[in-house]
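Examination of the molecular architecture
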Amino acid sequence: KNRLEKSGAKEGSVLVMDPQTGKIMAMANFPTYNPAEFFKVQDAAAFNNRTATAPYENGSVIKALTMAMGIDTGVADQNSTYYNTDSVKIDDTTVNNAVLGHTGTITMQTAMNYSLNTGMVEIASRLGGGRITKEARDTMYDYYHNRFELGQKTGLEIAESSGILISPDEVQGNAVRYSNMSFGHGMNLTMVQTATAFSAAINGGTLYKTSIINGEVDKYGNFAKKDPEIRKSNVVKSTTSDTLKQILIDARRS
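Every value quoted in this text rests on a predicted model; they were computed, and no experiment measured them. (Residues numbered from 1 in each chain as written. Predicted model: local features only at pLDDT ≥ 70, side-chain atom pairs only at ≥ 80, totals over all residues. Heavy atoms only, no water.)

**Describing the environment of I90**
By the secondary structure assignment, I90 is in strand β4 (residues 87-90). Not counting residues up to four positions away in its chain, the partners in contact with I90 are V121, I132, A175, V176 and S179. (Helix = DSSP H or I, 4+ residues; strand = E, 2+ residues; numbered from the N terminus. Contact = heavy atoms within 4.5 Å.)

If you want it as structure tokens, here you go:
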């Protein structure tokens, strides 16, 4: 709430997940309400758990997944270089960096350090041999949708939304769309989906069924802890995950 007031935002959500189990440790939304006085709520939207039901355009957190894809497919790693001019043209659209000035030949680690959009578009282009071809878009969709399961429900035990991830087989699934998707634009995902996918990228490559249930109590009062459920293994190679973790650590240190 304090952070929202400082930034001038009207609403916000927070989610904490254990990446090794898929267990959600905490989720909170603001504005909120007092359940004992629910009848005082003026806007019914307050009853929604937006961490699971409100898809949004994620932005730069998706760069971690794009970097993982680049490492996993062998087209890029932290030491790979490209020539950054702070912008790149895809068809009739120009993609710009938000942080300017890190121009010239730079590494992908530098691109991650400063969250450069051009670095992620470069990875997408390399998947198609220098252009964001249909083959490149198919690979990206395979990683984002089929492996990380973005745009799909996570299996959470409460109401959730699927969000939207445009397929390359659709008219809107063109090179411009996918260049934007490489840095988290042009897609609408829930916070739960994003945390689940990010966890798989950094936990060794295991996508867990997201859960808010810690366990069950039987009629005799005995507690049985709920075991984690694996939805998918080897989403990325374990070596990819290890490399990505170090890239992210170094990026935060920079």
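**Some thoughts on empty space enclosed by the protein**
Evaluation of the coordinates by the stated rule reveals two cavities of 30 Å³ or more. In this structure, the largest cavity is lined by F148, E149, K153, T154, Q193, T196, A197, L207 and R231. Looking at the lining of the largest cavity element by element, the count peaks at three residues for helix α8 (residues 191-202). Across the lining of the largest cavity, the residue classes tally to three nonpolar, three polar and three charged. Roughly 30 Å³ of volume is contained in the second largest cavity. In terms of lining residues, the second largest cavity is bounded by M17, P19, G22, T196, S199, A200, N203, T206, L207 and Y208. (1 Å grid on protein atoms, 1.4 Å probe; cavity = no way out; pocket = protein on both sides within 12 Å on 5 of 7 lines; lining within 4 Å. Points joined across faces, edges and corners; volume = space filled by probe spheres on them. Nonpolar A, V, L, I, M, F, W, Y, C, P; charged D, E, K, R; others polar.)

**Here we look at the packing of aromatic side chains**
By convention here, two paired aromatic rings are described through the distance between centres and the angle between planes. Counted by the stated rule, this structure contains two aromatic pairs. For the ring pair Y33 and F47, a centre distance of 4.9 Å and an interplane angle of 85° mean the geometry is edge-to-face. Taken together, the positions of Y33 in the loop between β2 (24-30) and α2 (50-53) and F47 in the loop between β2 and α2 put the pair 14 residues apart, joining distant regions of the chain. Between the aromatic rings of F38 and F39, the centroid separation amounts to 5.9 Å while the plane-to-plane angle is 75°, which identifies the pairing as edge-to-face. By relative accessible area, which is 48% here, F38 ends up partly exposed. For R147, the ring lying beneath its charged end belongs to Y143, and the centroid distance is 4.1 Å. (Phe/Tyr/Trp six-rings, centres within 6.5 Å; stacked < 30°, edge-to-face > 60°. Buried < 20%, exposed > 50% of the residue type's maximum accessible area, 1.4 Å probe, protein only. Lys NZ or Arg CZ within 6 Å of the ring centre and 35° of its normal.)

These figures capture arrangement, not role.
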